[in-house]
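# Residue-level structure breakdown
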Number of protein chains: 2
Amino acid sequence: MLDPGAVDRVFHALADPTRRALVERLGRGPASVKELAAPLPMSLAAVVQHVQVLEQSGVIRTEKIGRVRSCRLDPTGLDVAGRWIAERRALWERRLDRLGDLLAEPDSPCEQRAQPHDPNTTEEQS
Amino acid sequence: MLDPGAVDRVFHALADPTRRALVERLGRGPASVKELAAPLPMSLAAVVQHVQVLEQSGVIRTEKIGRVRSCRLDPTGLDVAGRWIAERRALWERRLDRLGDLLAEPDSPCEQRAQPHDPNTTEEQS
DNA sequence: CAAATACTAAAGTTTTAACTTTACTTTCTG
DNA sequence: CAGAAAGTAAAGTTAAAACTTTAGTATTTG
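Just so you know, these numbers come straight off a predicted model, no measurement behind them.

### Some details on the interface of chain A and chain B
- Taken together, the contact between chain A and chain B spans 32 residues of the former and 33 residues of the latter.
- Interface of chain A and chain B: buried area, both sides summed, is about 2,900 Å²; carbon and sulfur atoms make up 64% of it.
- In terms of surface lost to chain B, no three residues of chain A exceed A:R20, A:W84 and A:W92, which account for 18% of the buried area on that side.
- Here chain A and chain B share 6 salt bridges between them.
- In this structure, the salt-bridge partner of B:D8 is A:R20, at a minimum N-O distance of 2.7 Å.
- Where chain A packs against chain B, one counts 8 residue pairs in polar contact (both at pLDDT 80 or more).
- Going through the elements one at a time, α1 (4-14), α2 (17-27), α3 (33-37) and α5 (75-104) of chain A are the ones with two or more residues in the side of chain A that touches chain B.
- The element that contributes the greatest number of residues to the side of chain A that touches chain B is α5(A), accounting for 12 residues.
- A breakdown of the residues in the side of chain A that touches chain B according to their chemical character gives 15 nonpolar, 6 polar and 11 charged.

The structure is reproduced here in structure tokens:
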């Protein structure tokens, strides 16, 4: 259920702004490494390295045809990151639900510090 | 629409495995910095620094009461990352849809090049 | 076939980030 | 009130990443 190594690789891949720019570009369709490098202020070799990181993390897929390596998005990688995030958010919401239950329960068997508490104040956080 | 600075901060924050571990821990409920540090093989000061990165990225919120700083998850940060990912995935799917349309069309005026090689740009020489 | 193209591999440099140590502040607790 | 507890701030150290340069290898193209 979500290989920790895969999670690590994909979040590391997405942490770099250049690599996110590559992903955004590839969202508009496949491109060669040369095309990816064109708008970027760095050497082709640097872009090749970024492409390798993205591929190893499963965020993109590449295929070499002749002397051109064509790159395109692969949803597998983004799914790993998306699922990790969704899981954390789900946990957070479950907790809020349970908290809501406790507050709704007028007579909970919960051994809380029974603070004298103004019944008018609503404790809320946004 | 998704401040690039915010995206950068949150993906940088989530790139570190220790920080993701902190987020996972906080998914099970709030905790002090000391409690967060307990299971980790590093100094308290290091954990404080991680907590600061997480807070500045909007992934967690903290509040200091007396001498203890209490930390809890804040969905705002994860939302930023989640939305960025969802947008890329949406683009990818729209593209597949269009491709499907083209393939379904038996008599399409198929433009060969999906990303037209810009006729204006002269091929670069190095 | 010679030159150009599009990478690729390896090594070195530089920047960034993580982590430590030390010293200090503030807030409890006995 | 003395000392412990829980951070915090700053500086230094170390390790990881990003990027460059150089020197290649296949693969077209004229």
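There is more to say, and it comes next.
### Considerations on the relation of the copies chain A and chain B
- Mapping chain A onto chain B calls for a rotation angle of 180 degrees and an axial translation of 0.0 Å; the resulting RMSD is 0.1 Å. Viewed as a symmetry operation, the transformation between the two copies matches a two-fold axis.
- Most of the interface of chain A is mirrored in chain B: 84% of its interface residues are interface residues there too.

### Details of the pattern of salt bridges
- Under the criterion given, the structure shown has 12 salt bridges over all chains.
- With a shortest N-O distance of 2.1 Å, A:D79 and B:R89 are connected by a salt bridge. Of this pair, A:D79 sits in helix α5 while B:R89 sits in helix α5 (residues 75-104), on two different chains.
- Using a relative accessible area of 23% as the deciding quantity, one classes B:R89 as partly exposed.

### A few points about α2(A)
Residue and element names in this part refer to chain A.
- What α2 keeps buried is the set T18, R19, R20, L22, V23, L26 and G27.
- Among the residues of α2, the N-terminal cap falls to D16, whose side-chain oxygen and the backbone nitrogen of T18 are separated by 2.9 Å.
- At the exit of α2 stands G29, carrying a positive phi of roughly 125 degrees.

### Regarding the protein's contact with DNA strand D
- If you check the shell around DNA strand D, you find 20 residues, and the closest are A:R19, A:S43, A:H50, B:K34 and B:R69.
- Take the atoms of DNA strand D that sit within 4 Å of the protein: sugar and phosphate atoms are 65% of them.
- Between DNA strand D and the protein, one listed contact pairs a phosphate oxygen with a side-chain N or O atom of B:R69 at 2.7 Å.
- Those elements that place two or more of their residues in the surface near DNA strand D are α4 (44-56) of chain A together with α3 (33-37), α4 (44-56) and β3 (68-73) of chain B.
- At 4 residues, α4(A) tops the list of elements feeding residues into the surface near DNA strand D.
- Residue composition of the surface near DNA strand D, grouped by class: 7 nonpolar, 6 polar and 7 charged.

### A short note on the sheet that holds β3(B)
Residues and elements named next belong to chain B.
- Spatial strand order, β1-β3-β2: 3 strands in an open sheet with antiparallel pairing. Unpaired on one side and paired on the other, β1 (31-32) and β2 (60-65) mark the two borders of the sheet.
- In the sheet, β2 pairs with β3 via 6 bridges, with the strands oriented antiparallel. From the neighbouring strand, R61 faces β3, where its bridge partner is R72.
- Against the sheet, helix α2 (residues 17-27) touches β1, β2 and β3, its axis set at about 85 degrees to β3.
- Against the sheet, α4 contacts β2 and β3, and its axis sits at roughly 120 degrees relative to β2.

### Brief notes about the protein's contact with DNA strand C
- In the vicinity of DNA strand C there are 20 residues, among which A:K34, A:R69, B:R19, B:S43 and B:H50 approach most closely.
- Close to the protein, within 4 Å, the atoms of DNA strand C are drawn from sugar and phosphate at a rate of 68%.
- For DNA strand C, a phosphate oxygen lies 3.3 Å from a polar atom in the side chain of A:K64.
- Taking A:R67, its side chain carries an N or O atom lying 2.8 Å from a base oxygen of DNA strand C.
- Of all elements in the fold, only α3, α4 and β3 (68-73) of chain A together with α4 of chain B reach the threshold of two or more residues within the surface near DNA strand C.
- A total of 4 residues in the surface near DNA strand C trace back to one element, the largest contributor, which is α4(B).

Conventions adopted
- Residues numbered from 1 in each chain as written.
- Chains lettered and ligands numbered in written order.
- Predicted model: local features only at pLDDT ≥ 70, side-chain atom pairs only at ≥ 80, totals over all residues.
- Heavy atoms only, no water.
- Contact = heavy atoms within 4.5 Å.
- Buried area = accessible area lost by both parts, 1.4 Å probe.
- Salt bridge = Lys/Arg side-chain N within 4 Å of Asp/Glu carboxyl O.
- Polar contact = N/O pair within 3.5 Å; in protein donor to acceptor, adjacent residues only side chain to side chain.
- Helix = DSSP H or I, 4+ residues; strand = E, 2+ residues; numbered from the N terminus.
- Nonpolar A, V, L, I, M, F, W, Y, C, P; charged D, E, K, R; others polar.
- Least-squares fit on C-alpha atoms with pLDDT ≥ 70 in both.
- Buried < 20%, exposed > 50% of the residue type's maximum accessible area, 1.4 Å probe, protein only.
- Near = heavy atom within 4 Å.
- Pairing = 2+ DSSP bridges.
- Axes fitted to C-alpha atoms, helices over the stretch in contact; angles between N-to-C directions.

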